[in-house]
Every structure is written in C-alpha cells, then in structure tokens.
Amino acid sequence: MEEPTGRLTPKKVAVVGGGLVGALNACYFAKRGFDVEVFETREDIRQAKVVKGRSINLALSHRGRQALKHVGMEDKIVSQGIPMHARMIHSPSGKQSPIPYGKKGQFILSVDRANLNKELLTEAETYPNMKMNFDHKLKDWSPETGLMTFTRLDGSHDQIQADLIVGCDGAFSTIRKQFLRRSRFNYSQTYIPHGYMELTMPPVNGEFAMKPDYLHIWPRNTFMMIALPNLDKTFTCTLFMPFDEFEKITTGDEVMEFFQEYFADTIPLIGVDALKRDYFRLPGLAMVSIKCSPYHIGDKCVLMGDAAHAVVPFYGQGMNAGFEDCIVFDEIMEQLNEDFSAVLPEYTRVRVPDDHAIADLAMYNYIEMRAHVNSKWFLFRKHLDNF
Ligand code: FAD
C-alpha cells in the first residue's frame, strides 16, 4: 500500500460499482487521500460461493497494465496471468497457424476476471481512508445535492451524500440514468446480432489440452470461437454466433453435427458429453456497444468504465480502456489541483474521443476476427490489438 497524500479536510468520493474499474478507481482516489466509499450491489465476491458475471477470463494488455502499475498492482496481477504471445488460427481442417501480436517478446495476458476483481478489492481495502459497502444497490441519486439512495437485501435503505460520485456501475449504469434526463447528453446503444456462449476445455492428463501461450481462434466468417487459457489448465472457449444460429440448434445431436462441421478439432478436447450438456446450460448472451457524451455533470459526477463506454469484446479492450480511464482522470487531477469543477469537463474533453475510437475499433474487429483473419492480407498486417 502506498501512503495517501495529506489533506486537511478530505473530500468524500463515492465510487458506485465495485467491479473491475470501480475497485481500481477506489485505489486511485484513496491514494490521493480522499475519503473513499465503494458501493457495490453484490455481496463481497471474496466470500461468495458462486461469482456471477460475464466472461471467466479476460485479455489484459499494455494500457491496463500501466494503470495497474500506478497503484503498485502490475507485478502481482501479471504473475497470476498466462502470457499469450500470438493468436493461433485453427482452420476447418484442424491446421494451426500462429500470428504474433507484435515483436518478439511482446504478449498479452489471460487473467481470471473474478481473481482480478478480488485482488483489486483487497488492495483497495489496505487504504485506511477506504470503506467498502457491499449489498448496496444504488436506486437513485440527485445531481444537485449528491445524495444517493441505496437498497439492501433485507429491504432497508441507506442515504449517503458525497462531494464526487464516480459511476463505475457497468453497461446498465443507474448513475447514467440521471444523465439521460438532461439536455445535450448524447447517448447511443447498439446490440449486435451475435451472442456469446462459454464452454470449458478440461486439462488432458493434468496438462493444457492445447498450447497455452496462445489466444486460439477458429474464424468461420459469420461466427467464430476463441479460447483463452486459465491457471487451472483449462481453456475457456467462447463461441460468438448470431442469435438465430444459436436457436437453430435444439438437440445434442445437432450440437455435434455443428461442431463436427466447424470445430472438429475441439470435439475430443471438450468432450462429446460436455458439449451436448453445456451448449444448453445457458442461452447465448447479448453484447452491447454504448457511447455517450459528456461523461460528467458539473463538479458532482463522472462516468468511467462500461458505464461510460461499453464496447463489444472483439478488440479485447473494454476493461483495459476502463483501467486507462482511471489513470487519465488521475493525471488531470494532478494537472488541475484536484479542482473537480475544472477536472471533470477536462476529463470529458480528453477522454470521450479516445473511448469512442476504442468502441469503433471493437466494432471493426467484430468483422475482422471472424472473417478477415482467414485472409492472407490479415497475415501480413501488423496488429497491436488484443484479439
Ligand atoms: P462491470 O465489470 O460491469 O462492473 C460494474 C459493477 O457495478 C458490478 O460489480 C455491478 O455489480 C455493480 N453495479 C451495477 N449496478 C449497480 C448499482 N445500481 N449499485 C451498485 N453497484 C452496481 N475487456 C478487456 O479488456 N479484455 C477482454 O479480453 C475482455 N473480454 C470480454 C469478453 C466478454 C464476453 C465480455 C462480455 C466483455 C469482455 N471485456 C473485456 C469487457 C470487460 O468485461 C468490461 O469492459 C469490464 O468488465 C468493465 O468493467 P466495469 O467495472 O466498468 O463494469
């Protein structure tokens, strides 16, 4: 833990959402010496038996690592990740061809989402000026007074006021609802026709079933599958496919026909029984791209992470960009002496174009990964994106 900077009368900062970006952001504000409270709707995931949420693992890249480094977390998280030096393209016949991510020695990391979230919460709690409030679901808040109302599982309510409210409550942000009621707030949301489904590839004789230092991709034009390695020697395979295609497959035999045609090399590795069972465990999950502007209201509230910019996952940069939000905000705080009335508009000015660019690149890679990755042109391109 690094010593917070001193301030005679610490301002109170409420971080709403204790997910990946909220937990990291809490460290940033605590390090600056603010009186920080995190409000998270879920119970403490470090104690929970089942952690519900999106993808099991994520690709962590340079911009995310830089943000972790600033609060002394980079080495710890990197040591718990699995380096992926290249994509491994699987052709329909089962041929595998690597495409490096960058120069020799460059890599991105496969990290466990739940573990990363837990580590960030634990780090945040090491600051004496930090209070975590789990089982606190934001219901409503006032942009005029900064008064927030939270509900708890036992039906009780809590009302809390803060000098600054940081909305890190994800793609379906409750904080953002107040923004939508205001004039000159731009907002767009687009659901893509594809959904995603996660399947597990178990270890073989205690070892990874495929080479672990790659992000495996099966590009099949209108759909694709990817696989990222986990520390327990499993791979999480994610199948991205239009919803109507998911829905066409209704029996175990149809699952097998589909995999036989498009992903035959994975059948012995995932296993026939597991495929027939797990395909029907959960329906395909939706993916949304959200853009908005501005990211702030006065000197009272700012949006970061998915609450400001949910992106489709094909560029592997949603969390990384959210982590970068924290460092960009912190730099502006430094430049403008933590004067919220100057910092918040400057943050919007600097950050909106970059986050919108990431959203556009992610949409572009949505086509690139499943189609162009098959082409020779792709093989010659120098890419620095994640997937
Ligand atoms: P979230 O992770 O959604 O966290 C929001 C938190 O706020 C949650 O804990 C939630 O419980 C809490 N909350 C919500 N509402 C309230 C409320 N009313 N009151 C209090 N708390 C509330 N990104 C990458 O960088 N690399 C990848 O490889 C990658 N892969 C992905 C794969 C998939 C399939 C998907 C769907 C996304 C992927 N992403 C990836 C994107 C990444 O998951 C998100 O960008 C990231 O989770 C955003 O973090 P966040 O903290 O802003 O939001």
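Note that this is a predicted model, so its numbers are computed, not measured. (Residues numbered from 1 in each chain as written. Predicted model: local features only at pLDDT ≥ 70, side-chain atom pairs only at ≥ 80, totals over all residues. Heavy atoms only, no water.)

Enquirer: Mind laying out unusual backbone geometry, listing which residues take part and the relevant values?
Expert: Look at the link from S293 to P294: it is a cis peptide, with omega at -5 degrees. Phi at E338 takes a positive value of approximately 60 degrees, unusual for a residue other than glycine. Along the polypeptide, E338 turns up in the loop between α11 (318-335) and α12 (340-370). Under the relative-accessibility criterion, E338 is labelled buried at 16%. (Helix = DSSP H or I, 4+ residues; strand = E, 2+ residues; numbered from the N terminus. Buried < 20%, exposed > 50% of the residue type's maximum accessible area, 1.4 Å probe, protein only.)

Enquirer: Describe the sheet that holds strand β7 (residues 108-112), and please don't skip the residues or the numbers.
Expert: An order of β3-β7-β4 is seen for the 3 strands of this open sheet, with the pairing classed as antiparallel. Of all the strands in the sheet, just β3 (57-60) and β4 (82-84) have a single pairing partner and so form its edges. The mean inter-strand angle of the sheet, taken between neighbouring strand axes irrespective of direction, is 35 degrees. Judged from the 4 bridges that link them, β3 and β7 form a sheet pairing that is antiparallel. When the bridges of β7 are listed, L58 appears paired with V111. (Pairing = 2+ DSSP bridges. Axes fitted to C-alpha atoms, helices over the stretch in contact; angles between N-to-C directions.)

Enquirer: Explain the pattern of salt bridges residue by residue, including any values.
Expert: Oppositely charged side chains may form a pair once their charged atoms are brought near each other. This structure, assessed with the given rule, holds 23 salt bridges. Between R152 and D135 there is a salt bridge; the shortest N-O distance is 3.4 Å. Here R152 is found in the loop between β10 (147-151) and β11 (157-161), whereas its partner D135 is found in the loop between β8 (130-133) and β9 (137-141), with 17 residues between them in sequence. Residues K276 and D253 are paired through a salt bridge, measuring 3.6 Å at the closest nitrogen-oxygen approach. Note that K276 is positioned in helix α9 (residues 272-278) and D253 in helix α7 (residues 252-262), a separation of 23 residues in sequence. With relative accessibility at 51%, the residue D253 sits in the exposed group. Three or more residues are tied together by salt bridges with common partners; here these are R63, E324, D325, R351, D354 and D355. (Salt bridge = Lys/Arg side-chain N within 4 Å of Asp/Glu carboxyl O.)

Enquirer: Describe in detail the packing of α11 against α12, supporting the description with residues and values.
Expert: Running from amino to carboxyl end, α11 crosses α12 at an angle of 150 degrees, the nearest separation of the two axes being 9 Å. Taken as axis vectors, α11 and α12 run roughly antiparallel relative to one another. Considering how the two elements wind past one another, α11 and α12 form a crossing that is right-handed. When α11 is examined against α12, the residues A321, E324, D325, V328, F329, I332 and M333 are found in contact with a partner set consisting of F340, V343, L344, E346, Y347, V350, R351, D355 and I358. Per-class residue counts for the contact of α11 with α12 are 11 nonpolar, no polar and 5 charged. (Parallel < 35°, antiparallel > 145°, perpendicular 65-115°, else oblique. Left-handed = near helix turned anticlockwise from the far one by under 90°. Contact = heavy atoms within 4.5 Å. Nonpolar A, V, L, I, M, F, W, Y, C, P; charged D, E, K, R; others polar.)

Enquirer: Tell me about helix α2 (residues 62-70), and name the residues and values.
Expert: Within the sequence span of α2, burial applies to G64, A67 and L68. Taken down its axis, α2 places every buried residue within 100 degrees of arc, on the same side. Check the buried side of α2 and you find it contacts α1 (20-31), β3, α3 (74-79), α4 (113-125) and α11. Of the residues flanking the end of α2, it is G72, one or two places downstream, whose phi is positive at about 70 degrees. (Arc of directions from axis to C-beta.)

Enquirer: Summarise α7; cite the residues concerned and give the values.
Expert: Looking at α7, one finds that the buried residues are G252, V255, M256, F258 and F259. The buried residues of α7 occupy an angular sector of 165 degrees when projected down its axis, which confines them to one face. Exposed residues pointing more than 90 degrees away from the buried face of α7 are listed as D253, E257, Q260 and E261. Residues of α7 that are buried make contact with β13 (186-201), β15 (223-229), β16 (235-242), α8 (267-270) and α9.

Enquirer: So what's going on with the packing of α1 against α11? Which residues, and what values?
Expert: Here α1 crosses α11 at 20 degrees, and the two axes come no closer than 9 Å. Classified by the angle their axes make, α1 and α11 are roughly parallel. Between α1 and α11 the crossing geometry is right-handed. Contact with α1, carried on its side by L20, V21, L24, N25, Y28 and F29, involves M319, G322, F323, C326, I327, F329, D330 and M333 of α11 and no other residues of that element.

Enquirer: Can you explain the nonpolar core? Please cite residues and give values.
Expert: Residues F29, M148, F323 and F329 are the most contacted members of the largest nonpolar core, which totals 71 residues. It is α1 that provides the largest number of residues to this core, a total of 9 residues. Listed in part, the 27 residues of the second largest apolar core include I82, F208, F223 and F246. (Core = buried A, V, L, I, M, F, W, Y, C linked by side-chain atoms within 4.5 Å.)

Enquirer: Tell me about the sheet that holds strand β18 (residues 296-297), and please be specific about residues and values.
Expert: Strand order across the open sheet formed by 6 strands is β8-β2-β1-β12-β19-β18, with mixed pairing between neighbours. The open sheet terminates on both sides in strands that have one partner only, identified here as β8 and β18. With 4 bridges connecting them, strand β2 (residues 35-39) and β8 associate as parallel partners. Across the sheet, the residue bridging to F39 is N133, located in β8.

Enquirer: So, a negative patch on the surface: which residues are in play, and what are the values?
Expert: A surface patch of like charges, here negative, comprises D35, D163, D299 and D339. The exposure class of D163 is partly exposed, given its relative accessible area of 33%. (Patch = residues over 30% accessible without salt bridge, like charges linked within 9 Å, V, L, I, M, F, W, Y side chains within 5 Å. Areas by Shrake-Rupley, 256 points an atom, 1.4 Å probe, with all protein chains shown as cover. Lys, Arg positive; Asp, Glu negative; His and termini not counted. Charge placed at Lys NZ, Arg CZ, Asp CG, Glu CD.)

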